[in-house]
Amino acid sequence: MTWKFECVAGPFTGALGGVAWDGDGVLFSLIDEMTVKKYLPSSGKVADFRLYTGRVNGIAHELSSGIVFACNEGGRRVIQYLPDGSAMVTATRFNGAIHNHPSDLVVDRQSRIWFSDPYHGVPAFGPNVFPALDHASVMRIERDDRRAWVIRRMTFDTKEPRAVLLSPDEKTLYVSEGSTANAAPRELRAYAIRADGTLGKARVFHTFGGDDFGAHRGIEGMCLDSAGNIVACGGWRQSGSGPMIYVFSPEGRVIETHPLPFDAPVRVAFGNQDLAALYVTGGDGCLYAAQDISRRGRPAQT
């Protein structure tokens, strides 16, 4: 059965970014408008959640603390929106250097923040005196023995990591690697998380190719359903099979696909009180929802 998606908020200016369920509403980021909005399914109303966000993309809500973590692409930092309305910066330096442009993130049960850190064509705000790192990796922000935020590099084989996701038992990290900006393949990878917190070698679950119309756009957003399957959005009308929702088993097998009625989907998350609605942010500036779908969602791992 094909899931029916309808626009529930927008269109806004430019492509949307991250999306997350916070318990009673859907948070979604307007990258170009530098705003995070909140959509309330109970009333259909949309309100401002945070203003002047500085090009926030990926967002994640930590259930245990109520903190919303956000990838601030324009400021090259991962920030925290606290329940009291304030905001705080986490770690910004890796080996003394400023990291790249965080794009997507997920928070584990230890409150560690795993984020993709690709390069970005739009310069950061302010004087560009801090060069990009010589690598684009998945990074992890965590507390050290003194409770200070520190950054650790997790992947050493990525060139342009996009979306990140943890398995329900947090023993596997899923990474979407590659973009249409270069000839490198776009892949869905799975990394085993070792007992010491480091990653094993990547298993490639799926590879996106190309045709005479250009490179096929890979995965941009991922979330989990209640069975632990990976629900991913990607594709575009320019080439390949078009914009799509893919459902992968934990072993990487494609078990479902659902075409999308809009182009260039960005992020995806389950929402509503029963977590039976799937929300997708679109490249056309709209927040879309498929209601009461058969494949039920799950809250964030935290």
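A brief report on the enclosed structure follows.

Cut-off values and rules
Residues numbered from 1 in each chain as written. Predicted model: local features only at pLDDT ≥ 70, side-chain atom pairs only at ≥ 80, totals over all residues. Heavy atoms only, no water. Helix = DSSP H or I, 4+ residues; strand = E, 2+ residues; numbered from the N terminus. Rg over C-alpha atoms; globule rule 2.2 N^0.38 Å. Buried < 20%, exposed > 50% of the residue type's maximum accessible area, 1.4 Å probe, protein only. Pairing = 2+ DSSP bridges. Axes fitted to C-alpha atoms, helices over the stretch in contact; angles between N-to-C directions. Contact = heavy atoms within 4.5 Å. Polar contact = N/O pair within 3.5 Å; in protein donor to acceptor, adjacent residues only side chain to side chain. Salt bridge = Lys/Arg side-chain N within 4 Å of Asp/Glu carboxyl O. Phe/Tyr/Trp six-rings, centres within 6.5 Å; stacked < 30°, edge-to-face > 60°. Lys NZ or Arg CZ within 6 Å of the ring centre and 35° of its normal.

**Quick word on the overall build of the protein**
Turning to step 1, where the next piece is worked out: For the protein, the count of helices and strands is zero helices and 28 strands.
Turning to step 2, where the next piece is worked out: For a compact globule of 302 residues, the expected C-alpha radius of gyration is about 19 Å, and the protein comes in at 18 Å, within 12% of that figure.
Turning to step 3, where the next piece is worked out: Based on the C-alpha atoms only, the size of the protein along its principal axes is roughly 50 × 45 × 40 Å.
Turning to step 4, where the next piece is worked out: In the protein, which comprises 302 residues, the proportion classed as buried is 57%.

**A few points about the sheet that holds strand 24 (residues 239-248)**
Hydrogen bonds between backbone atoms are what pair the strands of a sheet, whose relative direction is either parallel or antiparallel.
Turning to step 1, where the next piece is worked out: On the basis of which strands lie adjacent, the open sheet formed by four strands has the order 22-23-24-25 and antiparallel pairing. The strands lining the two open edges of the sheet, one partner per strand, are strand 22 (219-224) and strand 25 (254-259). Strand after strand, the sheet turns through a mean of 25 degrees between neighbouring axes, direction not considered.

**A closer look at the pairing of strand 22**
Turning to step 1, where the next piece is worked out: For strand 22, the buried fraction is high: six of the six residues fall into the buried class.
Turning to step 2, where the next piece is worked out: If you look at the hairpin formed by strand 22 and strand 23 (residues 230-236), you'll find five residues sitting between the two strands, and Gly228 has a positive phi there, around 85 degrees.

**A closer look at the environment of Arg152**
Turning to step 1, where the next piece is worked out: Position of Arg152 among the secondary structure elements: in strand 15 (residues 149-153).
Turning to step 2, where the next piece is worked out: Each C-alpha atom of the pair Arg152 and Arg93 lies 9.8 Å from the other, and the pair is 59 residues apart in sequence.
Turning to step 3, where the next piece is worked out: Contact partners of Arg152, with chain neighbours within four places excluded, come to Phe94, Val138, Met139, Arg140 and Glu142.
Turning to step 4, where the next piece is worked out: There is a polar contact of 2.7 Å between the side chain of Arg152 and the side chain of Glu142.

**Re the pattern of salt bridges**
Turning to step 1, where the next piece is worked out: Under the definition given, this model contains 15 salt bridges.
Turning to step 2, where the next piece is worked out: Here Arg55 makes a salt bridge to Asp32, at a shortest N to O gap of 3.0 Å. You can see Arg55 sitting in the loop between strand 5 (45-51) and strand 6 (56-61) and its partner Asp32 sitting in the loop between strand 3 (26-30) and strand 4 (35-40), a full 23 residues away along the chain.
Turning to step 3, where the next piece is worked out: Using a relative accessible area of 44% as the deciding quantity, one classes Asp32 as partly exposed.

**Looking at the sheet that holds strand 14 (residues 137-143)**
Turning to step 1, where the next piece is worked out: Sheet architecture is open: four strands sit in the order 12-13-14-15, paired in antiparallel fashion. Edge positions in the open sheet fall to strand 12 (105-107) and strand 15, since each of these has one partner strand only. Here the average twist between neighbouring strands, direction ignored, is 20 degrees.
Turning to step 2, where the next piece is worked out: One ladder, built from three bridges, connects strand 12 with strand 13 (residues 113-117); its direction is antiparallel. The residue of strand 13 that forms the bridge with Val107 is Ile113.

**Description of the pairing of strand 15**
Turning to step 1, where the next piece is worked out: Judged from the five bridges that link them, strand 14 and strand 15 form a sheet pairing that is antiparallel. By the bridge assignment for strand 15, Arg140 is matched with Arg152.
Turning to step 2, where the next piece is worked out: Taken together, strand 14 and the strand that follows it, strand 15, pair antiparallel across an intervening segment of five residues, in which Arg147 is found at a positive phi of about 70 degrees.

**Some thoughts on the packing of aromatic side chains**
Turning to step 1, where the next piece is worked out: Per the counting criterion, the structure on display carries seven aromatic pairs.
Turning to step 2, where the next piece is worked out: When the centroid spacing of 5.8 Å and the interplanar angle of 50 degrees are considered together, the rings of Phe12 and Phe28 count as tilted. Taken as a pair, Phe12 in the loop between strand 1 (6-9) and strand 2 (16-21) and Phe28 in strand 3 lie far apart in primary sequence, 16 residues in all.
Turning to step 3, where the next piece is worked out: Pairing Phe262 with Tyr288 gives two aromatic rings, centres 3.8 Å apart and planes at 5 degrees, and the pair type is stacked. Placement of the pair is Phe262 in the loop between strand 25 and strand 26 (268-271) and Tyr288 in strand 28 (residues 287-290), with a sequence separation of 26 residues.
Turning to step 4, where the next piece is worked out: We classify Tyr288 as buried; its relative accessible area is 9%.
Turning to step 5, where the next piece is worked out: Three or more aromatic residues joined by ring pairs form one cluster here, namely Phe208, Tyr246 and Phe248.
Turning to step 6, where the next piece is worked out: Note that Arg50 overlies the ring of Phe49, its terminal NZ or CZ placed 4.7 Å from the centroid.

**Remarks on the environment of Pro261**
Turning to step 1, where the next piece is worked out: Note that Pro261 resides in the loop between strand 25 and strand 26.
Turning to step 2, where the next piece is worked out: It is 8.6 Å that separates the C-alpha atoms of Pro261 and Lys4, two residues lying 257 residues apart in sequence.
Turning to step 3, where the next piece is worked out: Beyond its immediate sequence surroundings of up to four residues, Pro261 is in contact with Phe5 and Arg237.

**Some remarks on unusual backbone geometry**
Turning to step 1, where the next piece is worked out: Residue Pro11 is bonded to the preceding Gly10 through a cis peptide linkage, with omega at 10 degrees.
Turning to step 2, where the next piece is worked out: Position of Pro11 among the secondary structure elements: in the loop between strand 1 and strand 2.
Turning to step 3, where the next piece is worked out: For Met34, which is not glycine, the phi dihedral falls at a positive 55 degrees.
Turning to step 4, where the next piece is worked out: When you line up the elements, Met34 lands in the loop between strand 3 and strand 4.
Turning to step 5, where the next piece is worked out: Using a relative accessible area of 29% as the deciding quantity, one classes Met34 as partly exposed.
Turning to step 6, where the next piece is worked out: For Asn95, which is not glycine, the phi torsion reads 55 degrees and is therefore positive.
Turning to step 7, where the next piece is worked out: Of note, Asn95 is situated in the loop between strand 10 (93-94) and strand 11 (97-98).
Turning to step 8, where the next piece is worked out: Using a relative accessible area of 69% as the deciding quantity, one classes Asn95 as exposed.

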